Amino acid sequence: MPESKPRKRAGAAAPSVKSSQPKPNPVWYKPVMFGLMIIGLLWIITFYISEATLPVAAWGSWNILVGFGVAIVGFLMTTRWR
């Protein structure tokens, strides 16, 4: 008995392959990342050296939190750095 030919599927196209390489960061990303870390560190150092009169005297000890916050944003940016 003769064998029938297999049918071709109409919608059987090759699956699209996405690039496995992530896109590189923009040029400004690395300077901003390192800049935020340095600014946060300088903010805290300025606070301690000036004996709580600088950068913003009205904030008092909250200046430490602001400095750490700015630095942490810079450190969080390192997780997206390629």
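The preceding data block contains the structure.
Anyway, here's the lowdown on the structure attached to this text.

Here is what the cut-offs are and how they apply
- Residues numbered from 1 in each chain as written.
- Predicted model: local features only at pLDDT ≥ 70, side-chain atom pairs only at ≥ 80, totals over all residues.
- Heavy atoms only, no water.
- Helix = DSSP H or I, 4+ residues; strand = E, 2+ residues; numbered from the N terminus.
- Expected span 1.5 Å × (residues − 1).
- Buried < 20%, exposed > 50% of the residue type's maximum accessible area, 1.4 Å probe, protein only.
- Arc of directions from axis to C-beta.
- Contact = heavy atoms within 4.5 Å.

1. Remarks on helix 1 (residues 29-49)
Between its first and last C-alpha, helix 1 extends 30 Å over 21 residues, near the 30 Å set by a 1.5 Å rise per residue. Buried within helix 1 are the following residues: Tyr-29, Met-33, Met-37, Gly-40, Ile-44 and Phe-47. Summarising the axial view, the buried residues of helix 1 lie within an arc of 100 degrees, below the 170-degree limit, and thus occupy one face. Away from the buried face of helix 1 by more than 90 degrees, exposed residues Pro-31 and Ile-49 are located. Elements that come into contact with the buried residues of helix 1 comprise helix 2 (62-77). Just beyond helix 1, the residue with positive phi is Glu-51, at close to 55 degrees.

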